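Residue-level listing of the chains:
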Amino acid sequence: MASSALHPWNRDIGGESETPVHLFICRQFIREAEAAIEGVARLGHLRLHPFPARCGAPPLQEDEVARLMEGVPAAEPVIWVGGVCTARLCVPGGRCDRAAAQRPAAVYPLSQCFHLLADPDLVDDQLRAGSYLCSPGWLANWRKHLQALGLAEPAMARALFADSVRCLVLLDTEAAQQSTHAADSTPPTLLAELEAFAAHVDRPYARKPVGLGYLRLQLTQIGTQAALRQARMQATERVSEAQRQAAEAAMAMDLLGELSSATDQADVIRRMLDIFRALFAPSRLCYVPVDADSGSVVSPVSLGEQLSLADAVLTEARMFARGEAMSADTASGDGFMLRLQHGAEVLGIFVLEGFALPRYRLEYQNLALQMLGLCAMAMARAQALEGLSRSEARYRSLFTAMQEGFVVHEVRQRASSGADEYCFVDVNHAFERLAGVARDALIGRCYGQVSPMVCGVYLERCAEAARTGHPVHFETELAAQGKVLDVYAYCPMPGFFAVVLADITLRREAEARVHHLAHHDPLTDLPNRTLLGQRATIALAQMTEQQQSLALLFCDLDRFKEINDRLGHAAGDRLLREVARRFRSVVRKADTVSRFGGDEFVVLLPQTNRASAYAVGQKLLASMARPVELEGELLTVSLSIGISLYPEHGSAFEELSRAADVALYAAKRGGRARVHLYEDDIEADLVGEPR
């Protein structure tokens, strides 16, 4: 069952009044998704629905899709989040595509499901390194997953995993929620399951805390896209409804004659009164509107005659309005009343009395009844036009005020060559700002004539929406203006396409800054531990494939604490930045200089043997031989360097780091200001000595 009322995670967390957005997510990620939106007010409109994990099995079938979407209100947007499991929802004409087409739904495709939890680069690097990734939600039911894959027996599972998996890696979204002071923040039950899984497949394991921030950002983006998609659909529906009303009103105009030129309902009534006066010449003629809500009469409309609500005519009209007859004589017997009605709604009462030729009163009454049908049609038309005017005003207000650029094009063919050209039909103010061209200079002209901002690839991709009828969504960069645009194009009607352009330059720049800060030391702008670890993993894989060596240098400033304490932290920071600058000048572009923290630096040297590594270490020592001016003093700061080599001292980054750290301590113990290569007997010599 997919009804939100039947699932405990489908609760209105934020209590907001936004239109709910229904996210269908693989069951193995539902636990993380629920935690990501828990207590976040801006995500309170998201409703989570799990579908069965389909890893290694056929994608979702038509009956499953229909069953899972039962109970989801038709007016609320639906997003399916997944990889190959949702493939049939993405293929136009597929069985599931036809089933889902009965309900507005969209697919947020993932080339790799774990891209939902963490940075795609991190996930892809782990997969390339031979890691088998799992989430806390998956790990909690790992036995069922393996049983579904026919790997319940340890022997079979170990045989398969030994060939394809180097290490089990838990992308631990729950670790960040535990105490930051705990030695191991992974919950004990989850850690036990990880150990049990690792024992079952006989593979080493590791956990990588990833937190919920990236997942929360993904869910926010998905919810925002769904809201924008819903807004676009609603805008398109409003335009279609307005066009339908206009078409109906245009057909009715041929039947309304004189009344067809009336501008509004009041004008229809004035013209009808004029017609009655010209045809029947009554001494008393008025129209009494009827309030649609209360059914009571309101202020009458007449041609020159002033009437009050206490007048006997109004009393008769009030009584007549309560009945159902279309016509009735007045109390004086000298006239008649007519009910103007459209459908079940009584619009008002016409009162005619005192005819110049009273003997023709019955003929006048019959003729007036026939004309009343035309009047009712004219009133309905006037109502439709007023509603259309209000609808167009609302649409124009939205069109003009929206922050995204909006442009409508018509696809035409050149008479000379038959090639397509794209002419401007309408644009809003935001598009004028993006294009740098005024609206008056665009309307009726073609792109090639007026818009220097547009390239051929952009136009062809947008025009694809008009050719195929399917929306297209992509990003493009305006190099000349230094902007990045999010582009959504769709076909509102044959021969036309509309484009919504959002300037996402600041968002992309912010994302780039956040990514840089997450991988670099803020003081020296050197790669931090995370980025060094990623580069080391890649470099080790390359060195293994190329059968080459690699060196890792741990560098530590001698007596840095004394300098920091005596001259202050500001001077210490300047010294660290100067060390970073000198280190960069020594190494190659392919090498990596990283700051681990404090006064500890690490240098990664791919394609480097023992002799070359030692030579680089000497160059680093020499680079620090030049004095550094700090707080008016010239100080000479020395280094101690420990070196480990791949594959001689280890095959993993952690092993090489440990060996280099041991060699660094040996250099410190040996008198500082020197380079020391790791040897197997160093550790035996250092046992029991304080660090």
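Residues numbered from 1 in each chain as written. Predicted model: local features only at pLDDT ≥ 70, side-chain atom pairs only at ≥ 80, totals over all residues. Heavy atoms only, no water.

**Student:** Outline the overall build of the protein chain, listing residues and values.
**Tutor:** The helix and strand inventory of the protein chain stands at 23 helices and 24 strands. Here the protein chain holds 691 residues, and the buried ones make up 46% of them. Relative to all contacts within the protein chain whose residues are 6 or more apart in sequence, the contacts with residues 24 or more apart total 64%. (Helix = DSSP H or I, 4+ residues; strand = E, 2+ residues; numbered from the N terminus. Buried < 20%, exposed > 50% of the residue type's maximum accessible area, 1.4 Å probe, protein only. Contact = heavy atoms within 4.5 Å.)

**Student:** Provide a residue-level description of the sheet that holds strand β5 (residues 131–134), including the pertinent values.
**Tutor:** Ordered by their spatial adjacency, three strands build an open sheet running β5-β6-β7, and the pairing between neighbours is parallel. In this open sheet, the two strands that pair with only one neighbour each are β5 and β7 (205–209). Sheet twist, expressed as the mean angle between neighbouring strand axes with direction ignored, is 25°. Across the sheet, helix α5 (residues 120–128) lies against β5, β6 (167–172) and β7, angled at about 135° from β5, the strand it touches most. (Pairing = 2+ DSSP bridges. Axes fitted to C-alpha atoms, helices over the stretch in contact; angles between N-to-C directions.)

**Student:** Could you give an account of the sheet that holds strand β16 (residues 483–490), naming the residues involved and the relevant values?
**Tutor:** Taken together, the five strands give an open sheet; going across it, the order is β14-β13-β17-β16-β15, and neighbouring strands pair in antiparallel fashion. At either margin of the open sheet sits one strand with a lone partner, and together these are β14 (420–427) and β15 (472–478). Averaged over neighbouring strand pairs, the angle between their axes works out to 30° when direction is ignored. Note that β15 and β16 share seven bridges and pair antiparallel. When the sheet's bridge partners are listed, Glu475 is paired in β16 with Asp486.

**Student:** Outline helix α18 (residues 529–546), listing residues and values.
**Tutor:** The α-helix advances 3.6 residues per turn, and as a result positions three or four apart in sequence lie on the same side. Its 18 residues give α18 an end-to-end C-alpha distance of 25 Å, which sits within 8% of 26 Å, the value for a rise of 1.5 Å per residue. Listed as buried for α18 are Leu531, Leu532, Gly533, Ala536, Ala539, Leu540 and Met543. For α18, the side-chain oxygen to backbone nitrogen distance between the N-cap and Thr530 is 3.2 Å, and the N-cap itself is Asn528. Following α18 by one or two positions, Gln547 adopts a phi angle in the positive range, close to 55°. (Expected span 1.5 Å × (residues − 1). Polar contact = N/O pair within 3.5 Å; in protein donor to acceptor, adjacent residues only side chain to side chain.)

**Student:** Just give me the short version of empty space enclosed by the protein, but keep the residues and values in it.
**Tutor:** Enumeration over the complete set of coordinates arrives at one cavity of 30 Å³ or more. Of the voids in this model, the largest cavity is the one considered here, and its volume is about 40 Å³. Lining the largest cavity, in full, are Ile25, Cys26, Phe29, Val81, Gly82, Gly83, Cys85, Leu110, Cys113 and Leu116. If you list the elements that add at least two residues to the lining of the largest cavity, you get β1 (21–26) and β3 (78–82). Here the lining of the largest cavity is built from residues that sort into eight nonpolar, two polar and no charged. (1 Å grid on protein atoms, 1.4 Å probe; cavity = no way out; pocket = protein on both sides within 12 Å on 5 of 7 lines; lining within 4 Å. Points joined across faces, edges and corners; volume = space filled by probe spheres on them. Nonpolar A, V, L, I, M, F, W, Y, C, P; charged D, E, K, R; others polar.)

**Student:** Which residues make up the packing of aromatic side chains, and what values go with them?
**Tutor:** Counted according to the given criterion, the structure contains 21 aromatic pairs. Here the aromatic rings of Trp142 and Phe197 are separated by 5.3 Å at their centres, their planes lie at 40°, and the arrangement is tilted. Within this pair, whereas Trp142 is found in helix α7 (residues 142–148), its partner Phe197 is found in helix α9 (residues 188–201), the two being separated by 55 residues in sequence. Summarising the aromatic geometry, the rings of Tyr488 and Tyr490 are spaced 5.9 Å apart at their centres and angled 40° between planes, so their arrangement reads as tilted. Of the two residues, Tyr488 and Tyr490, both sit in the buried class. Through a chain of ring-to-ring contacts, the aromatic side chains of Phe276, Phe280, Tyr287, Phe336, Phe350, Phe355, Tyr360 and Tyr364 assemble into a single cluster. In this structure, Arg232 packs its charged tip against the face of Tyr488, placed 3.6 Å from the ring centre. Note that Arg339 overlies the ring of Phe320, its terminal NZ or CZ placed 5.1 Å from the centroid. (Phe/Tyr/Trp six-rings, centres within 6.5 Å; stacked < 30°, edge-to-face > 60°. Lys NZ or Arg CZ within 6 Å of the ring centre and 35° of its normal.)

**Student:** How would you summarise helix α22 (residues 653–669) if you had to cite specific residues and measurements?
**Tutor:** With 17 residues, α22 extends 24 Å between its outermost C-alpha atoms, agreeing within 8% with the 24 Å of an ideal straight helix rising 1.5 Å per residue. Within α22, 12 of the 17 residues are buried, which leaves the element mostly enclosed by the surrounding structure. All buried positions along α22 are accounted for by Phe653, Leu656, Ser657, Ala659, Ala660, Val662, Ala663, Leu664, Tyr665, Ala666, Ala667 and Lys668.

**Student:** Which residues make up the packing of helix α8 (residues 154–164) against α9, and what values do they have?
**Tutor:** The packing of two helices is summarised by the inter-axis angle and the distance between the axes. Packing of α8 against α9 leaves a shortest axis separation of 7 Å and a crossing angle of 85°. Overall, the two elements α8 and α9 adopt an arrangement that is roughly perpendicular. On α9, the residues touching Pro154, Ala157, Arg158 and Phe161 of α8 are Phe197, Ala199, His200 and Val201. The residue makeup of the contact of α8 with α9, split by class, is six nonpolar, one polar and one charged. (Parallel < 35°, antiparallel > 145°, perpendicular 65-115°, else oblique.)

**Student:** Tell me about the layout of surface pockets, and name the residues and values.
**Tutor:** Roughly 1,100 Å³ of internal volume is contained in the second largest pocket. Together, 30 residues line the second largest pocket, and Gln126, Gly533, Thr537, Phe653 and Glu654 are the ones closest to its centre. Contributing elements (two or more residues each) for the lining of the second largest pocket: α5, β6, β7, α18 and α22. With nine residues, the single largest contributor to the lining of the second largest pocket is α18. Split into classes, the residues belonging to the lining of the second largest pocket amount to 13 nonpolar, nine polar and eight charged.

**Student:** Account for the pattern of salt bridges, naming residues and giving values.
**Tutor:** Counting across every chain of the model gives 20 salt bridges. Here Glu475 and Arg508 are joined by a salt bridge, their closest N and O atoms 2.1 Å apart. Placement of the pair is Glu475 in strand β15 and Arg508 in helix α17 (residues 505–519), with a sequence separation of 33 residues. Under the relative-accessibility criterion, Glu475 is labelled partly exposed at 38%. The partner of Glu511 in a salt bridge is Arg508, and the shortest N-O contact between them spans 2.9 Å. In this pair, Glu511 and Arg508 are both assigned in helix α17, three residues apart and thus about one turn of the helix distant. The class for Arg508 is partly exposed, based on a relative accessible area of 24%. Via salt bridges that share partners, Asp267, Arg270 and Arg271 belong to a single interconnected network. (Salt bridge = Lys/Arg side-chain N within 4 Å of Asp/Glu carboxyl O.)

**Student:** Outline the environment of Leu314, supporting the account with residue identities and numerical values.
**Tutor:** Relative to the helices and strands, Leu314 resides in helix α12 (residues 312–321). Note on Leu314: relative accessible area 0%, which makes it buried. Once the C-alpha coordinates of Leu314 and Cys286 are considered, the two residues, 28 residues apart in sequence, prove to be 9.7 Å apart.

**Student:** Could you give an account of the confidence of the model for the protein chain, naming the residues involved and the relevant values?
**Tutor:** Chain-level statistics for the protein chain give a pLDDT mean of 80 and a share of 83% at 70 or above. Contacts of residues 1–16 to residues separated by more than four positions or lying in other chains number 40 contacts, the stretch itself having pLDDT below 50. Segment residues 178–184 is flagged for pLDDT under 50; beyond a separation of four residues in sequence, or across chains, it makes five contacts in the model. (pLDDT = per-residue confidence, 0-100.)

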